[in-house]
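This is what each chain is made of:
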Amino acid sequence: MEKVLIFGHKNPDTDTITSAIAYAELKKALGVNAEAIRLGDINDETQFALDQFKIAAPRLVTAVAAEASHVILVDHNERQQSADDIASVTVTEVIDHHRIANFETSDPIYYRAEPVGCTATILNKLYKEHGVAIKPEIAGLMLSAIVSDSLLFKSPTCTEEDIIAARELAEIAGVDANVYGLNMLKAGADLSKKSITELISLDAKEFSMGTYKVEIAQVNTVDTAEVLLRQAELEEQIDAVIREKELDLFILIVTDILTNNSVALVLGEEASLVERAYGIEATNHLVYLEGVVSRKKQVVPILTDTAVHSK
């Protein structure tokens, strides 16, 4: 039986890694020769979850076409966020909770996209729909994804469906969602040992916004000031990325998980897009975003709308 690879986006976060694992488990239970893989390094938050539930990280694959002709995408659909050789394989399914952009296929596929806070919430439904019981360790990983994407249910992306799914998964996994979730988020928020390159690439995604090419990276912390002490180094490295990728704009969002506020470091020829989008003037390349924690809901839509109507 031909193998099907299941993976999420580059610079994988907890939802990307754990959803690939959880969906591969479901597909295998349904008789599919599926394997979860990853397109990048595991971050500290995700590693905490994997260690907690004693699940090995998916192996790193850099060229998917060398291993399979059919793939399934989770937690993303935009091609620039996917495998470099995604055009050389056939995408048979997509399970996602983001906007749909830069994506088309030559044949009909199974596409499941819902406006919920996390891919794992959709997977929880799929397990039920197929009558497959979720193993405790897989439930723990799925819970981790929801906690991560919702910032422990505080993000505006979090829906009632996410909260209900998290409660169900926590019960199966045998953990307290709030206690475990806070410990996991804190594990991922320790940035003291991260290099500058890691800080701007750990959770970075590239977007097409109108005619502009934009990259948005986000890091969670309990002390934004500690991160911004390295602003000069961050700007130097970001400028290099802008030149290398020919970006119009790079945004590094530094989110305080305790106050639910963010500060954005904005660089590039179109940095003024951020100022126009939020009606806030940047000071020393910094824009303070009160109550903003979600890239998906509070940054990408408003910035895309501003970019599209800027010309």
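Residues numbered from 1 in each chain as written. Predicted model: local features only at pLDDT ≥ 70, side-chain atom pairs only at ≥ 80, totals over all residues. Heavy atoms only, no water.

Visitor: Explain the overall build of the protein to me, please; I cannot follow it from the model alone.
Guide: Summing up its helical and strand segments, the protein has 12 helices and 11 strands in all. Taking 2.2 N^0.38 as the reference for a compact globule, 311 residues should give roughly 19 Å; the C-alpha atoms of the protein span a radius of gyration of 19 Å, in line with that estimate. Counting only C-alpha atoms, the protein reaches 55 × 45 × 35 Å along its principal axes. Residues counted as buried form 54% of the 311 residues belonging to the protein. Within the protein, residue pairs in contact and separated by at least 24 positions form 66% of the contacts whose partners lie at least 6 positions apart. (Helix = DSSP H or I, 4+ residues; strand = E, 2+ residues; numbered from the N terminus. Rg over C-alpha atoms; globule rule 2.2 N^0.38 Å. Buried < 20%, exposed > 50% of the residue type's maximum accessible area, 1.4 Å probe, protein only. Contact = heavy atoms within 4.5 Å.)

Visitor: Which parts of the structure should I look at to understand the nonpolar core?
Guide: The nonpolar side chains of a soluble globular protein tend to be buried with one another. Core analysis: the largest hydrophobic core is formed by 48 residues, its most contacted members being I6, Y23, M142 and L143. Non-local contacts of I6, meaning those with residues more than four positions away in its chain, are made with A20, Y23, A24, K27, A34, E35, A36, I37, I72 and V74. (Core = buried A, V, L, I, M, F, W, Y, C linked by side-chain atoms within 4.5 Å.)

Visitor: Is there a simple way to think about the environment of T92 in this case?
Guide: Following the sequence through the fold, T92 ends up in strand β5 (residues 90-96). Judged by its relative accessible area of 26%, T92 is partly exposed. The sequence separation of T92 and N33 amounts to 59 residues, and the corresponding C-alpha distance is 14 Å. Ignoring any residue separated from it by four or fewer positions in sequence, one finds T92 in contact with H70, V71, I72, I109 and Y110.

Visitor: Would you take a moment to explain the packing of helix α4 (residues 136-150) against helix α5 (residues 160-173) for this structure?
Guide: Helix-helix packing is characterised by the crossing angle of the two axes and by the distance between the axes. The geometry of α4 relative to α5 is characterised by a closest axis approach of 8 Å and an angle of 145° between their N-to-C directions. In this structure, the crossing between α4 and α5 has a hand that is left-handed. Contact residues: α4 offers P136, A139, G140, M142, L143 and I146, while α5 offers D162, A165, A166, L169, A170, I172 and A173. Residue composition of the contact of α4 with α5, by class: 11 nonpolar, 1 polar and 1 charged. (Axes fitted to C-alpha atoms, helices over the stretch in contact; angles between N-to-C directions. Left-handed = near helix turned anticlockwise from the far one by under 90°. Nonpolar A, V, L, I, M, F, W, Y, C, P; charged D, E, K, R; others polar.)

Visitor: How do you make sense of the packing of aromatic side chains when you look at a structure like this?
Guide: For any two aromatic rings, the description comes down to two numbers: the centre-to-centre distance and the angle of the planes. Applying the stated criterion across every chain yields a total of 3 aromatic pairs. Both rings, one in F53 and one in Y180, keep their centres 5.4 Å apart while their planes meet at 70°; by these two values the pair is edge-to-face. Pair noted here: F53 is in the loop between α2 (44-52) and β3 (59-60) and Y180 is in helix α6 (residues 177-189), with a separation of 127 residues, a long-range link. Relative accessible area serves as the criterion here: at 9%, F53 is assigned to the buried category. Cluster of aromatic residues (ring-pair linked, three or more members): F48, F53 and Y180. (Phe/Tyr/Trp six-rings, centres within 6.5 Å; stacked < 30°, edge-to-face > 60°.)

Visitor: Explain the pairing of strand β1 (residues 4-7) to me, please; I cannot follow it from the model alone.
Guide: In summary, the side chains of a regular strand alternate between the two faces of the sheet. Residues V4 and I6 line one face of β1 and the alternating positions L5 and F7 line the opposite face, and both faces are buried. Examined bridge by bridge, β1 and strand β2 (residues 34-38) share 3 bridges and lie parallel to one another. Its bridge partner lying in β2, L5 is registered against E35. Crossover β1 to β2 through helix α1 (residues 14-29) is right-handed. In terms of strand pairing, β1 meets strand β4 (residues 70-74) through 4 bridges, oriented parallel. Pairing of L5 across the sheet is with V71, part of β4. (Pairing = 2+ DSSP bridges. Right-handed = clockwise from strand over helix to strand, strands pointing away.)

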